[in-house]
Amino acid sequence: MKRSSSVIRRVVLAAAAVALAAGCTPDASGTGTGTTSPPASATAGTAAPTTDDKPPSPSATSPSASPTVTPSDGKPTPKPLMDDGDENEQVRELQARLRQLDFFDRAPTGFYGTMTAASVRRFQAHRGLPETGVVDATTWQRLLSVTRKPTADELKPSTTNKLDTPDPRCMTGRVLCISKESRTLAWMIDGRVVSSMDVRFGSENTPTREGLFKVEWKARDWTSTIYHTPMPYAMFFSRGQAVHYSADFAARGYAGASHGCVNVRDRAKLSALFDQVKVGDKVVVHW
């Protein structure tokens, strides 16, 4: 028994020597499951390694951390795919698909405004989704599942756009009431629509100005002195911007844009309108 105890003591001392050579120190419990202590030079300016040798988890203040913002009810806020003010081809597809289900009652414009938001809310209510008026991933996938891919004619139909509710400034007098949202021009007298037609506007770099104007002067045959392009039936209302016929609009539709003018693609309608409008008549350009 003494010899056995002596042997055991020598084995334990040898194991301790090996542990010290490896740089390990037993923890306070004496179980030998402590952590590795790196030299001071290795720890200067760095975080000590964790016990399982995994990198530390990013904290809320770490630049790489991206905490989820949640509303007061604790539920994550869905990331919007399309929202008010967006203007792109996905919005045009959204409108075309909503139109297939009779939730959007006009030709797609590609612009996400109040009418599109209202249509989205109606669809969401019909499908038991939160009525936000904003298209998130859930709303979009649900719409895709109950509609088909729109045809080219559905995305950019040649039919006349439906008028939206007239701006209050259009309800009195003689006025060219021009809506950027529905892309329409309504010739109105004392709140009554006499005629209407499709229009398009300037690009992002040369936008059509919005506001209350008046017809300053007219020219049946006019060529732009800046861009040297024909502007038949021009009715100028704001420092060179005018309502006029556009052969490019008639040929390419909404694939193009003006340099700030209000383009009309129906020459016959605009010709008749030109004869009715007088210098001094009101012009309202609104969303």
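Just so you know, these numbers come straight off a predicted model, no measurement behind them. (Residues numbered from 1 in each chain as written. Predicted model: local features only at pLDDT ≥ 70, side-chain atom pairs only at ≥ 80, totals over all residues. Heavy atoms only, no water.)

A. Expanded view of the sheet that holds strand E8 (residues 234-238). A sheet is described by the order of its strands in space; here nine strands give the open sequence E6-E11-E3-E4-E5-E10-E9-E8-E7, paired in mixed fashion. Each edge of the sheet is formed by a strand with only one pairing partner; in this case those strands are strand E6 (211-214) and strand E7 (217-219). In this sheet, adjacent strand axes meet at a mean angle of 25° when their direction is disregarded. Where strand E3 (residues 174-179) lies against strand E11 (residues 282-286), five bridges are found, and the strand directions are parallel. Each residue of the ladder has a partner; that of Ser-179, found in E11, is His-286. Together, E3, strand E4 (184-189), strand E5 (192-200), E7, E8, strand E9 (241-245) and strand E10 (262-264) form the strand contacts of helix H8 (residues 267-276), whose direction differs from that of E5 by roughly 130°. (Pairing = 2+ DSSP bridges. Helix = DSSP H or I, 4+ residues; strand = E, 2+ residues; numbered from the N terminus. Axes fitted to C-alpha atoms, helices over the stretch in contact; angles between N-to-C directions. Contact = heavy atoms within 4.5 Å.)

B. Representation of the pairing of E6 within the structure. On E6, burial follows the alternation: Gly-211 and Phe-213 on one face are buried, whereas Leu-212 and Lys-214 on the facing-out side are not. Both E6 and E11 contribute to a ladder of four bridges, which runs antiparallel. Considered in E11, the bridge of Gly-211 is made with Val-285. (Buried < 20%, exposed > 50% of the residue type's maximum accessible area, 1.4 Å probe, protein only.)

C. Inspection of the packing of helix H4 (residues 114-126) against helix H5 (residues 137-146) at higher detail. It is at 11 Å that the axes of H4 and H5 come closest, and there the two elements cross at 75°. By the angle between their directions, the pair H4 and H5 is classed as roughly perpendicular. Side by side, H4 and H5 meet where Val-120, Phe-123 and Gln-124 of the first sit next to Thr-139, Arg-142, Leu-143 and Val-146 of the second. In terms of residue class, the contact of H4 with H5 is built from four nonpolar, two polar and one charged. (Parallel < 35°, antiparallel > 145°, perpendicular 65-115°, else oblique. Nonpolar A, V, L, I, M, F, W, Y, C, P; charged D, E, K, R; others polar.)

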